[in-house]
Amino acid sequence: MKRFLSLALVMVLALSAALPALAADPVKLKVWGSQDDQEMLKEMVAAYNEANKDNPVEVEFGVVGEPDARQRYLEDPEAAADIFAFPNDQILDLVKAGALLEITHNREAIEAANVPGSVEAATVGEFLYAYPMTADNGYFLFYDKSVINDEQVQTLDGMLAAADAAGKKVLMDVSDGWYIASFFLGAGGTLGIQDGVQTCDFNNERGVQVGEAIKAFTAHNAFMTGDNAIITGGMGDTIAAAVTGAWNAIAIQEKLGENYAATKLPTFTLGDEQVQMGSFGGYKLMGVNALTQYPEAAMALGEWLTNEANQLKRFEVRQLGPSNIKVGESDAVKANVALSALAAQSQYATSQKEVLGNYWLHAEAFGATMEAKDYSKDIKTLLDEMVAGITAP
Amino acid sequence: MKKRTHLLTHTLIPLALAGVLLPITLLLPWLRVVGEEGFVFARTGINLLLFDRGILRMLPLAIGAGVALVLSLTLARPTRMAVRLLVVAFAASLMSGIYLLLSAKPTADASGLLPAPMMVRDLQFGFWLFLVIALAGLALALMTLRQPTTYIILTAMAAIWLLPIFWLLITSFRAESGAYTTYIIPKGWTADNYVRLWTETEQFNFPRWYLNTLVVAIITCILTTTLVLMVSYAFSRLRFPSRRLFMNLGLIVAMFPGFMSMIAVYHILKAVGLAKSLVSLILVYTGGGVLGYTIAKGFFDTIPRSLDEAATIDGATRNTIFWKIILPSSKPIVVYSAITSFIAPWVDFVFVSVIMKDDYANYTVALGLYRMLEREHIYAYFTRFCAGAVMVALPITLLFIKIQKFYVEGVTGGAVKG
Amino acid sequence: MVQQTITRTGAPKRGFFRELAHIYRHGDGATKLSFLLMGVGCIRRGQILKGLMYLACQVLFIWYIIEFAWQYLSKLNTLGTTGMQRVWSEERQLFVRTPGDNSLLILLFSVMSLLLLAAFIGLWRASLRSCYKAQVLSQQGKKLPTFAEDLRTLGNERFHMTLLTMPSLMVIAFTVLPTVFMVLLAFTNFDANHQPPGNMFTWVGLENFRNLFGAKPMMGNTFAKVLGWTFIWAVIATFSNYILGMLVAIFINNRGIKLKGMWRTIFVITIAVPQFVSLMLMSQILHEQGPLNSLLMQLGFVEQPVKFLTDITSARITVLVVNLWVGIPYTMLITSGILMNIPKDLYESASIDGASPMRMFFSITLPYMLFVTTPYLITAFVGNINNFNVIFLLTRGGPLVTEYYQAGKTDLLVTWLYRLTVDRQDYSLASTIGIFVFLISAGLSLIVFNLSGSSRREEEFQ
């Protein structure tokens with residue numbers, strides 16, 4: 001009897017020690033997403049908790065748009081979210097600052113499921129630092145079918161002539177380092193990193209020719225510059241073609257209606273040859289905070305938010321091009337005019353991995369000078385100054 | 001008989017001259033026209049009036065000029081009424097001249113009578129002379145009535161100042177979305193923007209932000225005004241050992257670019273546990289607002305010392321003097337401090353974004369509105385942005401209008417003789 | 001009030017250490033003990049409450065240092081040596097990171113603690129003074145002030161302390177402390193490559209200054225040019241606003257004008273609209289494809305859109321003009337208020353003496369205005385040097401040019417700083433430039449303020 005009682009006592013004690021472990025504190029995670037994504041993210045998290053009834057997560061949502069992710073993180077890493085989305089050009093800065101946790105759970109599966117470009121964008125050194133989320137942050141060409149026909153849209157000169165004849169414009173934001181690079185990259189210019197400093201050969205002989213081509217383009221009567229608001233406001237009325245990305249697809253489609261069309265970027269005249277315009281490939285990635293208190297749960301949730309089902313959901317709700325291979329091959333995505341144009345252009349796209357922060361403003365300065373038709377200095381001098389600024393340590 | 005002495009006599013002759021010259025400018029070239037063979041000639045005002053009716057709106061102009069002519073002929077025996085009517089005539093001529101300027105191109109191009117699109121430089125010196133004389137006549141007529149001519153300048157300036165506000169107002173009622181429209185007057189009108197601003201709160205929680213900002217503004221206003229007045233009174237009236245030092249320090253301390261210290265401020269607040277709360281906003285705004293004491297001090301310096309001395313003789317402590325004597329006579333500066341510190345939270349979007357970071361519910365209106373103009377949202381939200389801006393401007397404007405009366409009362413120097 | 005070099009206790013006022021030495025030599029046992037334990041001397045003489053309060057402060061401060069501040073102060077000279085550790089955990093199959101030293105927090109909290117230390121030393125000195133005073137008074141057989149009496153002096157002789165304590169604390173916490181922190185940042189290498197939590201930054205001495213003035217010519221050139229434009233902008237903006245605002249105030253204040261309130265209200269409405277709203281509106285209106293350009297084209301004024309904000313010279317002029325639109329209502333209000341303060345009898349006696357309106361303006365109005373508004377002018381001038389809103393919201397500092405390092409042709413030093421901090425996280429360079437902005441603004445203000453009539457003739461006007 002005594003033995004039984006003492007055994008029972010021991011068992012009770014053991015159980016009461018184990019019980020708290022069973023009823024563990026719920027995992028609390030914070031997720032950042034842009035304003036438009038909040039609803040969708042809430043649904044995705046609810047679905048996650050449905051699928052993981054024994055390990056639910058309590059999620060607090062914060063509103064931080066993808067472009068702001070890096071800045072917000074660096075301002076206060078401890079207060080930052082456990083999971084946040086960011087565009088791929090921020091990955092180098094974030095990794096340098098020790099912000100991202102290496103993805104080590106299910107790495108091979110993730111790498112196999114997403115397009116190689118997105119995986120490459122998320123990899124730094126030998127580690128995968130984020131989950132690929134979308135593959136549509138690149139740019140291509142939208143145009144008005146009734147003004148520019150399929151043949152004219154192949155070359156830049158053809159487009160300009162067609163637009164001019166109709167009294168409309170071809171829009172490209174040349175004073176933006178992102179867009180202006182398409183000329184240089186297409187002609188074979190390179191951007192690289194050596195010893196932590198940017199290298200750039202946009203001012204070599206070929207680069208000067210490219211500069212002349214840009215000058216001719218911006219001096220053309222049918223050239224116009226502007227940002228998203230101008231594009232969406234003027235497409236169809238004053239603008240016949242615009243270089244922009246999938247984020248404007250819905251608005252442009254509304255404006256053009258039946259005349260809505262999109263394709264890869266045209267070729268431009270360099271000397272006697274026609275050179276295909278290149279572009280920067282862009283992806284949105286979802287990263288895990290290296291300082292998170294619950295790395296396993298965060299990684300699981302991050303993987304969930306970017307898995308095949310949810311990338312499909314993202315495409316359906318927000319028209320965002322997926323990086324998941326299977327979703328990308330689905331009929332719905334293929335039927336999407338903008339995304340297939342993007343896919344066509346992505347053959348000529350370059351990764352932004354080798355671009356350091358200094359590049360953007362100085363390239364923008366060159367583009368702005370061209371747009372302002374400020375010819376006080378010759379192209380070679382301008383390009384030299386631009387490269388000097390870009391390559392400054 | 002009595003009325004005649006109120007008019008200024010030495011402006012009567014130039015006035016009559018202006019009235020006579022005005023219709024004469026109609027005989028001068030007004031519009032440059034290029035004929036079929038490229039032959040350039042000019043149409044005079046009379047030509048346009050009588051023959052080419054459609055090109056420029058000459059009629060109202062001619063009427064104004066005619067009336068001015070007739071009235072100036074009566075100036076041999078000037079009456080007040082005549083001069084008043086002249087003011088009206090000249091003003092009307094000026095207005096129709098401006099109207100002509102603005103409507104010239106549309107009507108000229110539409111009339112089909114000109115071979116090439118019209119530009120303003122095609123208007124010849126006859127027109128410009130007309131405008132100048134109408135303006136001069138208006139000024140002279142006002143001078144004759146002994147009214148300040150600055151009315152003209154003020155009216156013009158008021159129009160310029162109100163135009164953007166006017167644009168803000170009508171855009172807030174615009175039905176079409178988009179920010180860069182090529183037209184000014186909306187094609188469709190709706191009050192929807194206001195409704196949606198207050199009801200659609202998932203994306204932009206305007207009502208909550210409005211409340212936040214109101215609370216912060218009121219408390220900041222009270223705190224800052226009290227503190228500023230205390231500080232400036234101390235510097236203006238009291239003499240204590242380190243006074244010069246403090247004044248100089250206070251002057252220069254504010255000169256470091258503010259937003260850079262925000263990182264530090266954020267971390268300090270975080271260490272005290274106040275980050276991302278409205279209380280921290282209040283503290284930051286008050287801390288910054290206190291440094292505006294220099295203006296208040298300048299004001300206090302103009303209050304005569306004799307007020308203080310009289311009170312001290314009656315046995316009041318410095319404390320009493322401050323609250324019972326100085327403050328009540330400082331209404332303008334109290335009002336000024338209160339208003340500026342009240343407005344600050346409504347317009348700041350830099351500090352808020354650093355302190356609130358991702359705490360959406362605690363944003364203030366300024367930051368929220370600023371976010372509406374971001375790349376992704378500007379197309380859909382611009383009209384609502386205008387509506388939000390109007391809602392912010394409204395209470396402040398009403399406040400200003402009400403406070404105007406206090407503003408006008410200056411300090412009366414009646415408490416002490418001499 | 002005559003400056004006293006000796007306090008009422010006989011201890012020399014000048015000379016921090018001389019005063020303390022004097023107190024030590026002449027103090028008795030209790031006072032000497034107060035050097036170690038604050039407030040003991042007071043308690044001994046019967047000022048129990050005061051003494052206990054001093055003692056409590058001391059205990060609080062020591063607790064603060066041990067509990068909170070020492071972990072940061074000890075690392076101040078290196079700004080952190082242990083970086084973030086990354087350890088591979090086999091069971092969890094992931095990298096576990098342990099946060100290391102955070103250089104930012106080390107620097108910030110060390111500065112804060114040093115400031116608190118300075119304050120504490122001041123408090124210590126005050127306690128010694130009051131102990132010694134209590135001792136002297138009791139030796140002379142006089143009555144010691146009770147706590148209640150001490151409090152009452154705060155309402156009269158020491159009223160300035162009552163008035164200034166709260167504001168000073170806030171200013172120190174929110175302005176002085178961050179400023180010192182930022183100045184120190186200029187001597188570190190805190191930039192994009194040294195971001196916490198993954199990296200630490202450390203002291204580099206004068207390297208940033210060397211870079212700015214020699215090592216990197218592009219930076220130095222940009223700095224000089226941007227500084228030049230900042231000055232030109234500040235001068236033109238301040239004076240145009242002031243003079244035009246004063247003119248408008250005078251116009252409205254004129255005796256003949258009716259409905260003064262209405263005229264003022266019209267101008268004031270533009271203040272009521274938040275500045276950033278009106279500026280963003282302006283940037284939309286003045287845009288190349290915006291309504292103003294299309295209006296001008298429709299009305300036949302121009303054939304091509306005018307590049308208000310994208311051409312270098314036009315952008316500069318536009319920015320100044322828009323600043324007028326924004327600023328004149330303010331200056332008008334301020335000068336209005338002051339215009340009405342001018343005692344009417346000055347004008348009456350002048351017109352009795354036969355002075356013309358012009359003469360009265362130049363001899364009475366203008367000097368009075370300049371006297372009263374000198375502090376305002378200085379504030380406005382410095383405010384314009386740091387006028388972030390107008391430039392940022394209208395042109396973002398553009399148009400950008402290739403010869404500048406990350407700067408544009410309408411960039412002020414502050415907007416350039418903003419871009420360097422926010423876009424490039426180059427805090428150390430930005431701090432270095434910030435120091436120069438500060439030196440220039442502060443130097444100018446101090447010189448003008450102290451030399452100008454307003455400070456010399458303060459008493460005269462009163």
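Residues numbered from 1 in each chain as written. Chains lettered and ligands numbered in written order. Predicted model: local features only at pLDDT ≥ 70, side-chain atom pairs only at ≥ 80, totals over all residues.

1. A word on the overall build of chain C
Then, number 1: Within chain C, the regular secondary structure consists of 20 helices and two strands.
Then, number 2: Computed over the C-alpha atoms, the radius of gyration of chain C is 30 Å, more than 25% above the 23 Å expected from 2.2 N^0.38 for a compact globule of 462 residues.
Then, number 3: C-alpha extents for chain C along the principal axes are approximately 95 × 90 × 40 Å.
Then, number 4: Across the 462 residues of chain C, 43% fall into the buried class.
Then, number 5: Nonlocal contacts in chain C, meaning residues at least 24 apart in sequence, comprise 61% of its contacts between residues at least 6 apart. (Helix = DSSP H or I, 4+ residues; strand = E, 2+ residues; numbered from the N terminus. Rg over C-alpha atoms; globule rule 2.2 N^0.38 Å. Buried ≥ 20, exposed ≤ 12 C-beta atoms within 10 Å, placed from the backbone. Contact = placed C-beta atoms within 7 Å.)

2. Observations regarding the overall build of chain A
Then, number 1: Helices and strands together make up the secondary structure of chain A, namely 18 helices and 18 strands.
Then, number 2: Principal-axis analysis of the C-alpha atoms gives chain A an extent of 105 × 50 × 30 Å.
Then, number 3: The buried share of chain A, taken over its 393 residues, is 52%.
Then, number 4: Long-range contacts, defined as pairs at least 24 residues apart, comprise 73% of the intrachain contacts of chain A with a sequence gap of at least 6.

3. A look at the sheet that holds strand E12 (residues 239-245) of chain A
Residues and elements named next belong to chain A.
Then, number 1: Here we have five strands laid out as an open sheet, ordered E11-E8-E12-E7-E13, and mixed in their pairing. Whereas interior strands pair on both sides, the edge strands pair on one side only; in this sheet they are strand E11 (223-224) and strand E13 (260-263).
Then, number 2: One ladder, built from three bridges, connects strand E8 (residues 169-171) with E12; its direction is parallel. Note that in E12 the partner of Leu 171 across the bridge is Ala 242. (Pairing = 2+ DSSP bridges.)

4. A few points about the pairing of strand E14 (residues 267-270) of chain A
Residues and elements named next belong to chain A.
Then, number 1: Pairing analysis gives four bridges linking E14 to strand E15 (residues 273-276), with the strands arranged antiparallel. By the bridge assignment for E15, Phe 268 is matched with Val 275.
Then, number 2: Hairpin geometry of E14 and E15 is characterised by an intervening segment of two residues between the two adjacent antiparallel strands and by a positive phi of about 70° at Gly 271.

5. Some points on the interface of chain A and chain B
Then, number 1: Contacts between the two partners involve 16 residues from chain A and, on the opposite side, 14 residues from chain B.
Then, number 2: Listing elements by their share of the side of chain A that touches chain B, those giving two or more residues are strand E2 (57-63), helix H3 (69-75) and helix H10 (228-234) of chain A.
Then, number 3: Ranked by residues supplied to the side of chain A that touches chain B, first place goes to H10(A) with five residues.
Then, number 4: Broken down by class, the residue content of the side of chain A that touches chain B amounts to seven nonpolar, five polar and four charged. (Nonpolar A, V, L, I, M, F, W, Y, C, P; charged D, E, K, R; others polar.)

6. Structural notes on the domain arrangement of chain C
Residue and element names in this part refer to chain C.
Then, number 1: Split by domain assignment, chain C resolves into domain 1 (16-80 + 95-194) and domain 2 (207-461).
Then, number 2: Domain 1 and domain 2 are separated by 41 Å when their C-alpha centres are compared.
Then, number 3: Of the residues lining the interface, nine residues belong to domain 1; the matching set on domain 2 comes to 11 residues.
Then, number 4: Here the side of domain 1 that touches domain 2 is composed, by residue class, of six nonpolar, two polar and one charged. (Domains from an automatic or database assignment.)

7. A look at the interface of chain B and chain C
Accessible area lost during the coming together of the parts is what is often quoted as the interface size.
Then, number 1: In this complex, chain B contributes 87 residues to the contact, which on the side of chain C involves 87 residues.
Then, number 2: Broken down by element, the residue count for the side of chain B that touches chain C peaks at 11 residues, all from helix H7 (residues 150-172) of chain B.
Then, number 3: Looking at side-chain class alone, the side of chain B that touches chain C contains 62 nonpolar, 19 polar and six charged residues.

8. Looking at the confidence of the model for chain C
Residues and elements named next belong to chain C.
Then, number 1: Confidence in the prediction of chain C, expressed as mean pLDDT, is 79, and 93% of residues score 70 or more.
Then, number 2: The secondary structure element of chain C with the lowest average pLDDT is helix H20 (residues 458-461), at 49, and the one with the highest is helix H9 (residues 217-253), at 87.
Then, number 3: Throughout residues 1-5 the model reports pLDDT below 50, and contacts reaching past four residues in sequence, or to other chains, amount to five contacts.
Then, number 4: For this predicted complex, the interface confidence comes out at an ipTM of 0.77, alongside a pTM of 0.78. (pLDDT = per-residue confidence, 0-100.)

9. Quick word on the nonpolar core
Then, number 1: Ranked by internal contacts, the top residues of the largest apolar core, which has 298 residues, are Ala163(A), Val170(A), Ala241(A), Leu285(A), Val231(B), Ala366(B) and Ala389(B).
Then, number 2: Of all the elements, helix H9 (residues 206-237) of chain B adds the most residues to this core, at 15 residues.
Then, number 3: With near-sequence residues (within four places) excluded, Ala366(B) lies in contact with Trp346(B), Val347(B), Asp348(B), Phe349(B), Val352(B), Pro274(C) and Phe276(C).
Then, number 4: Val33(B), Leu61(B), Ala89(B) and Ala141(B) belong to the second largest nonpolar core, which has 38 residues in total. (Core = buried A, V, L, I, M, F, W, Y, C linked by C-beta atoms within 7 Å.)

10. Some thoughts on the environment of Ala300(A)
Residues and elements named next belong to chain A.
Then, number 1: With respect to the helices and strands, Ala 300 occurs in helix H12 (residues 295-305).
Then, number 2: Taking the number of C-beta atoms within 10 Å as the measure of exposure, Ala 300 has 19 and is therefore partly exposed.
Then, number 3: Put simply, Ala 300 and Ser 118 are 182 residues apart on the chain and 19 Å apart in space, counted from C-alpha to C-alpha.

11. Re the sheet that holds strand E6 (residues 130-134) of chain A
All names here are of chain A.
Then, number 1: Spatially, the five strands line up as an open sheet ordered E2-E1-E3-E17-E6, and their pairing is mixed. In the strand order of this sheet, the two ends are held by E2 and E6, each with one partner. Averaged over all pairs of adjacent strands, the angle between strand axes in this sheet comes to 30°, irrespective of strand direction.
Then, number 2: Sheet analysis places strand E3 (residues 83-87) next to strand E17 (residues 284-288), joined by five bridges and oriented antiparallel. When the sheet's bridge partners are listed, Phe 84 is paired in E17 with Gly 287. (Axes fitted to C-alpha atoms, helices over the stretch in contact; angles between N-to-C directions.)

12. Description of the packing of H9(B) against helix H16 (residues 331-347) of chain B
All names here are of chain B.
Then, number 1: At a closest axis distance of 8 Å, the pairing of H9 and H16 adopts a crossing angle of 145°. Between H9 and H16 lies a crossing of right-handed hand. Along the contact surface, H9 presents Thr 213, Val 216, Ala 217, Thr 220, Cys 221, Thr 224, Thr 225, Val 228 and Leu 229, while H16 presents Val 334, Ser 337, Ala 338, Ser 341, Phe 342, Ala 344, Pro 345 and Trp 346. (Left-handed = near helix turned anticlockwise from the far one by under 90°.)

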